[in-house]
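# Observations on the three-dimensional arrangement
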Amino acid sequence: ALTLEIRPVYSLVLATLIMTVFYALLGWRLYVERDMHFRSLRPYVSGQQLYEPLVNPEKSPVAWEIQTAFTSLCREVLETQSAYLIPTGSMSPLVGPPMIYPESGGSKPPIIQVLIAELRSPQTLVVSLEAGRYGDARWAAPLWSERGLIGVLLVGERAEGGLYTQEEMEIARTVGERLIDLKASIEMSQRLMSLQRQRIAANQVMDQQARRVVHDEVLPQ
């Protein structure tokens with residue numbers, strides 16, 4: 001505008017139009033990013049069908065849904081090449097084996113006993129790992145609860161080679177802690193329900209035996 005010696009009012013109108021267009025583009029991109037963000041978090045806030053595995057554990061889809069949520073976390077939120085969700089602590093036998101992403105990769109979770117000894121503070125968000133020491137994992141996020149350290153989330157490099165943001169790692173920690181607690185709670189509930197069924201069956205057998213004794217021995221006398 002200065003080179004062409006356009007009147008200042010036209011320069012002002014042109015600048016206003018450019019600012020309006022870019023502001024509209026900014027608002028549109030923010031809306032798209034927000035929609036993508038909520039869509040990626042939908043698997044973690046939707047219903048988990050907690051009663052189905054207690055009533056019918058054989059046909060329960062909860063284990064598959066937990067693995068699907070972990071896969072969605074790695075693919076949609078972190079966009080990582082590989083990840084391992086490894087349970088630790090006293091509740092780890094209830095959680096079961098570690099979850100691996102991608103499932104078809106064939107890799108085994110690394111041994112993290114030395115790493116666990118270094119994770120002592122819940123305020124630690126993420127720890128950088130030496131390349132090759134824990135397989136293809138480059139970052140470790142400790143997972144905590146009121147019981148202490150309940151797991152470790154190991155992640156590799158990002159698919160596009162960038163860095164993880166603090167918000168992404170905080171979401172990953174929250175989701176990892178929820179998945180571990182969910183698996184432990186379901187397994188504990190299933191075991192308690194199994195013991196309750198066994199106790200009810202034993203009481204029914206004892207009741208039938210008592211009725212048989214009354215019918216065969218007491219009543220004739």
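As a starting point, this report considers the structure included with it. (Residues numbered from 1 in each chain as written. Predicted model: local features only at pLDDT ≥ 70, side-chain atom pairs only at ≥ 80, totals over all residues. Heavy atoms only, no water.)

## Regarding the overall build of the chain
- The secondary structure content of the chain amounts to 6 helices and 5 strands.
- Going from N to C terminus, the chain has its helices and strands arranged as α-α-α-β-α-β-α-β-β-β-α.
- The long-range fraction of contacts in the chain, counting pairs at least 24 apart against all pairs at least 6 apart in sequence, stands at 61%. (Helix = DSSP H or I, 4+ residues; strand = E, 2+ residues; numbered from the N terminus. Contact = heavy atoms within 4.5 Å.)

## Quick look at the pattern of salt bridges
- Tallied over the entire structure, the rule returns 10 salt bridges.
- Between Arg-158 and Glu-79 there is a salt bridge, and its shortest N-O distance comes to 3.4 Å. In this pair, Arg-158 is assigned in the loop between strand E5 (148-155) and helix H6 (166-218) and Glu-79 in the loop between helix H3 (62-78) and strand E1 (83-87), connecting sequence segments 79 residues apart.
- Residue class for Arg-158 comes out buried when judged on its relative accessible area of 6%.
- Exposure remark for Glu-79: the relative accessible area of 34% places this residue in the partly exposed category. (Salt bridge = Lys/Arg side-chain N within 4 Å of Asp/Glu carboxyl O. Buried < 20%, exposed > 50% of the residue type's maximum accessible area, 1.4 Å probe, protein only.)

## Here we look at the nonpolar core
- Judged by nonpolar contacts, the single largest core of 29 residues is most densely connected at Phe-70, Leu-73, Leu-78, Leu-85, Leu-153 and Leu-179.
- Of all the elements in the fold, those that place two or more residues in this core are H3, E1, helix H4 (92-95), strand E2 (99-101), strand E4 (139-145), E5 and H6.
- Among the elements that line this core, the one with the most residues is H6, at 9 residues.
- Among the nonpolar cores identified, the runner-up in size contains 14 residues, and Tyr-84, Ile-86, Ala-137 and Ala-140 belong to it. (Core = buried A, V, L, I, M, F, W, Y, C linked by side-chain atoms within 4.5 Å.)

## Overview of the environment of Val-175
- Relative to the helices and strands, Val-175 is located in helix H6.
- The buried category is assigned to Val-175, whose relative accessible area is 8%.
- In the structure, Val-175 is positioned 102 residues away from Leu-73 in sequence and 7.9 Å away in space, judged by C-alpha atoms.

## Overview of the sheet that holds E1
- Here we have 5 strands laid out as an open sheet, ordered E2-E1-E5-E4-E3, and antiparallel in their pairing. Bordering the open sheet on either side are E2 and strand E3 (127-128), each of which pairs with just one other strand.
- Of the pairings in the sheet, the one linking E1 to E2 comprises 3 bridges and is antiparallel in character. Bridged to Tyr-84 within E2 is Ile-100. (Pairing = 2+ DSSP bridges.)

## Quick notes on the packing of aromatic side chains
- For the structure shown, the criterion picks out 0 aromatic pairs.
- The ring of Trp-28 is capped by Arg-29, whose NZ or CZ atom sits 5.3 Å from the centre of that ring. (Phe/Tyr/Trp six-rings, centres within 6.5 Å; stacked < 30°, edge-to-face > 60°. Lys NZ or Arg CZ within 6 Å of the ring centre and 35° of its normal.)

## Quick word on the environment of Ala-140
- Mapped onto the elements, Ala-140 comes out in strand E4.
- Sequence separation between Ala-140 and Val-152 is 12 residues, and the spatial gap between their C-alpha atoms is 6.6 Å.

## Overview of a nonpolar patch on the surface
- A cluster of nonpolar side chains, namely Leu-4, Ile-6, Val-9, Tyr-10, Val-13 and Leu-17, defines an oily patch on the protein surface of about 590 Å² accessible area.
- A relative accessible area of 52% means that Leu-17 is categorised as exposed. (Patch = residues over 30% accessible without salt bridge, like charges linked within 9 Å, V, L, I, M, F, W, Y side chains within 5 Å. Areas by Shrake-Rupley, 256 points an atom, 1.4 Å probe, with all protein chains shown as cover.)

## Quick word on unusual backbone geometry
- A cis amide bond links Tyr-101 with the next residue in sequence, Pro-102, at an omega value of -5°.
- By the secondary structure assignment, Pro-102 is in the loop between E2 and helix H5 (113-118).
- Despite not being glycine, Glu-5 shows a phi value in the positive range, around 60°.
- For Glu-5, the location among the structural elements is in the segment before helix H1 (8-45).

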